[in-house]
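Each chain is listed here by its residues.
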Amino acid sequence: MFNDIGALELVTIVVLAILIFGPDKLPKVIQDVTGVIRKIRAFSDSAKQDIRSELGPEFKDFEFEDLNPKTFLRKQLSENEELKEIRSTFDLRKELNDVTDAVNSREADPAPAAAGASAAPAATGPDLLKKPAAPAAEQRTPYDADAT
């Protein structure tokens, strides 16, 4: 619970506690707080035991930590054999290199075509710089003033 509290923060909390409660009442306050924490833990453990006993023997391996979505997903992903196989066959670096090579080779092809105005367009795909032809009158959708 308090794994991320540093030394300076802990000293600040102690100094504030001394200033607020005073050195005379501070031990009594600490005892009261620890007693409340113990009661809450005991109540929580009792509730967990009641739930486990009500669920029956088929849920004897049930852990409440598994209800956390992160833990549940991590457990399901680590136990799934199909995902392990996919993960082992997929090489992200190779895929990224293939995509980079494909992008670089496409960028290199239009440059010579643009240099020569009479050069034929590349057969790799449509020319994106050329404006598309207007559709014929029968292909146009009718204008609907109510729709706009």
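Calculation notes
- Residues numbered from 1 in each chain as written.
- Predicted model: local features only at pLDDT ≥ 70, side-chain atom pairs only at ≥ 80, totals over all residues.
- Heavy atoms only, no water.
- Helix = DSSP H or I, 4+ residues; strand = E, 2+ residues; numbered from the N terminus.
- Buried < 20%, exposed > 50% of the residue type's maximum accessible area, 1.4 Å probe, protein only.
- Areas by Shrake-Rupley, 256 points an atom, 1.4 Å probe, with all protein chains shown as cover.
- Salt bridge = Lys/Arg side-chain N within 4 Å of Asp/Glu carboxyl O.
- pLDDT = per-residue confidence, 0-100.
- Contact = heavy atoms within 4.5 Å.
- Patch = residues over 30% accessible without salt bridge, like charges linked within 9 Å, V, L, I, M, F, W, Y side chains within 5 Å.

Undergrad: Sorry if this is basic, but what is going on with the overall build of the chain here?
TA: If you tally the helices and strands in the chain, you get five helices and zero strands. Counting from the amino terminus, the chain carries its helices and strands in the arrangement α-α-α-α-α. Counting all 148 residues of the chain, 3% fall into the buried class. A total of about 14000 Å² of accessible surface is found on the chain, and carbon and sulfur atoms cover 61% of it.

Undergrad: Can you walk me through the pattern of salt bridges in this structure?
TA: Where charged atoms from two side chains of opposite charge approach closely, those side chains can pair. Using the criterion set out here, one finds two salt bridges in the structure. Among the ionic pairs, Asp32 bridges to Lys28, the shortest N-O distance being 3.2 Å. Placement of both Asp32 and Lys28 in helix α1 (residues 7-55) is noted, with a separation of four residues, approximately one turn of the helix. Across the pair Lys94 and Asp98 runs a salt bridge whose closest N-O atoms are separated by 3.3 Å. Placement of both Lys94 and Asp98 in helix α4 (residues 92-108) is noted, with a separation of four residues, approximately one turn of the helix. When its relative accessible area of 46% is taken as the criterion, Lys94 is described as partly exposed. Relative accessible area serves as the criterion here: at 37%, Asp98 is assigned to the partly exposed category.

Undergrad: Explain the confidence of the model for the chain to me, please; I cannot follow it from the model alone.
TA: Should pLDDT be low for a region, the predicted coordinates there are not to be read in detail. Confidence along the chain averages 78 in pLDDT terms, with 78% of residues attaining 70 or more. The spread of mean pLDDT over the elements of the chain runs between helix α5 (residues 110-115), the lowest at 49, and α1, the highest at 91. Within the model, pLDDT remains below 50 along residues 113-119, and this stretch shows one contact once partners closer than five positions in the same chain are excluded.

Undergrad: What is the right way to read a nonpolar patch on the surface from this model?
TA: Taken together, the side chains of Val11, Val15, Leu16, Leu19, Ile20 and Phe21 present a nonpolar region at the surface, about 600 Å² in accessible area. You can see Val15 is positioned in helix α1.

Undergrad: Quick question: what am I supposed to make of the environment of Lys48 here?
TA: Within the secondary structure layout, Lys48 lies in helix α1. On the basis of relative accessible area, Lys48 is assigned to the partly exposed category, the value being 26%. If we ignore the near neighbours within four places in the chain, the residues touching Lys48 are Phe64 and Glu65.

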